[in-house]
Amino acid sequence: MLGISDIYEPKFEIDRTVRISCAGSCFAQHIGAQFKKRGFNYVDLETPPPALSRERWHEFGYDLYSARYGNIYTPRQLIQMLARASGTLQPIETAYVDENGRARDPFRPAIEPDGFADIDELETDRRYHLSQVASMLDQTDLFVFTLGLTEAWESIEDGVALPTCPGTVGGTFDPAKYRFKNFDYEETLQDMNAFIALAREKNPQMKFLLTVSPVPLTATATDQHVLPATIYSKSVLRAVAGALSQKHEFVDYFPSYELIASHPMRAMYYMPNLRNVAAEGVAQAMDVFFSAIGDQSGDTETPNQATPVEASQDDLVCEEAILETFGQ
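Residues numbered from 1 in each chain as written. Predicted model: local features only at pLDDT ≥ 70, side-chain atom pairs only at ≥ 80, totals over all residues. Heavy atoms only, no water.

**Re the environment of Thr172**
Then step 1. For Thr172, the position within the fold is in the loop between strand S7 (161–162) and strand S8 (178–182).
Then step 2. In this view, Thr172 contacts Pro166, Gly167 and Tyr178; residues no more than four positions away in its chain are not counted. (Helix = DSSP H or I, 4+ residues; strand = E, 2+ residues; numbered from the N terminus. Contact = heavy atoms within 4.5 Å.)

**Brief notes about the sheet that holds strand S6 (residues 151–155)**
Then step 1. Across the sheet, which stays open at both edges, the 3 strands sit in the order S7-S6-S8 with antiparallel pairing between neighbours. Two strands in the sheet have a free side with no partner beyond their single neighbour: S7 and S8.
Then step 2. Pairing of S6 with S7, which is carried by 2 bridges, proceeds in the antiparallel orientation. If you follow Glu154 over to S7, its bridge partner there is Ala161. (Pairing = 2+ DSSP bridges.)

**A few points about the side chain of Gln132**
Then step 1. By secondary structure assignment, the location of Gln132 is in helix H3 (residues 119–136).
Then step 2. Other than its neighbours up to four places away in sequence, Gln132 contacts Leu45 and Glu46.

**Re the sheet that holds strand S9 (residues 207–212)**
Note: strands within a sheet are paired through backbone hydrogen bonds, in either parallel or antiparallel orientation.
Then step 1. Strand order in the open sheet formed by 5 strands is S2-S1-S5-S9-S10, with parallel pairing between adjacent strands. Edge strands, defined here as strands with exactly one partner in the open sheet, are strand S2 (41–42) and strand S10 (251–253).
Then step 2. When strand S1 (residues 19–24) meets strand S5 (residues 142–147), the two strands line up parallel, connected through 5 bridges. Within the sheet, the bridge partner assigned to Cys22 lies in S5 and is Val144.

**What to know about a negative patch on the surface**
Then step 1. Residues Asp118, Asp120, Glu121 and Glu123 make up a contiguous surface patch of negative charge.
Then step 2. Within the secondary structure, Glu123 sits in helix H3.
Then step 3. Using a relative accessible area of 31% as the deciding quantity, one classes Glu123 as partly exposed. (Patch = residues over 30% accessible without salt bridge, like charges linked within 9 Å, V, L, I, M, F, W, Y side chains within 5 Å. Areas by Shrake-Rupley, 256 points an atom, 1.4 Å probe, with all protein chains shown as cover. Salt bridge = Lys/Arg side-chain N within 4 Å of Asp/Glu carboxyl O. Lys, Arg positive; Asp, Glu negative; His and termini not counted. Charge placed at Lys NZ, Arg CZ, Asp CG, Glu CD. Buried < 20%, exposed > 50% of the residue type's maximum accessible area, 1.4 Å probe, protein only.)

**Quick notes on the pattern of salt bridges**
Then step 1. Taken as a whole and judged by the stated rule, the model has 17 salt bridges.
Then step 2. One salt bridge connects Asp295 with Arg38, and the closest N-O pair in it is separated by 3.0 Å. Pair noted here: Asp295 is in the loop between helix H7 (279–292) and helix H8 (308–311) and Arg38 is in the loop between helix H1 (28–37) and S2, with a separation of 257 residues, a long-range link.
Then step 3. Judged by relative accessible area, which is 8%, Arg38 ranks as buried.
Then step 4. Arg68 is the partner of Glu112 in a salt bridge, and the nearest nitrogen-oxygen pair spans 2.7 Å. On the criterion of sequence distance, the pair formed by Glu112 in the loop between strand S4 (103–104) and H3 and Arg68 in the loop between S2 and helix H2 (75–86) is long-range, its members being 44 residues apart.
Then step 5. Judged by relative accessible area, which is 1%, Arg68 ranks as buried.
Then step 6. Here the residues in one salt-bridge network are Arg68, Asp105, Arg108, Glu112, Asp125 and Arg126, joined through shared partners.

In structure tokens, the structure reads:
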């Protein structure tokens, strides 16, 4: 499995003049970190305040993606974020407020570990955040998106998708207000097509690099076992990414999923829990990608020497993993 070669042939050039934005599920954090480390022109629109120590940047949602939007697990979440930024979508759900009056953003519930001081502070931060999101596409030549999940929770009243089930990272679950949604192939493809059309309306020359997260589901809200639920989700996402890549010359697919999760790898790139991707797996996938695009700067560190921002699972921010603590 270590001898696989020529698994990826880039469709277009990616050099250090290309402005690169990144979003997606928690595995996408590795990709953005590598672009930054290797000196590419990475777009970062919400930088941490000087008073916040480097060790806590990820804890507060900084230095993860091109804006402080946290993990975006589904294409529906992605397209609705842009609609909120443009003002064409005004969700009914605006804040989760706890018994102490502290507020969390339903669309970025984990970016403030203890929540905002109150709704006013939340709304001030959200206005700035959405203004940065609104400008992101204007500053992007290549948008890198990692598709992570098909399962989501949405508001019954207006159909707005949420990154986590209310009651896990803030909020309170109410079956009269929220419902489970498992996106199918057609819905996922439609949402990705809508995003691509919107992005290229802003920037007709924009290109897209898609990947699929190799991280399996921690739990499922379907009536299936989590194993077939995972295979369904990853199959839908992989099929959508493949269809878009085959159809458009400006959409490429990088097989990070195959490099880590496929049968030739014999699960060697997973941690003992068979969910978290080991540092060696991340390093292998990233080396394949950057070698293919002709980056010779290299990562001189071995996987065991990698800094936390590169590969440590403890440093990844992954709300979906919180489901592991429920029911125990």
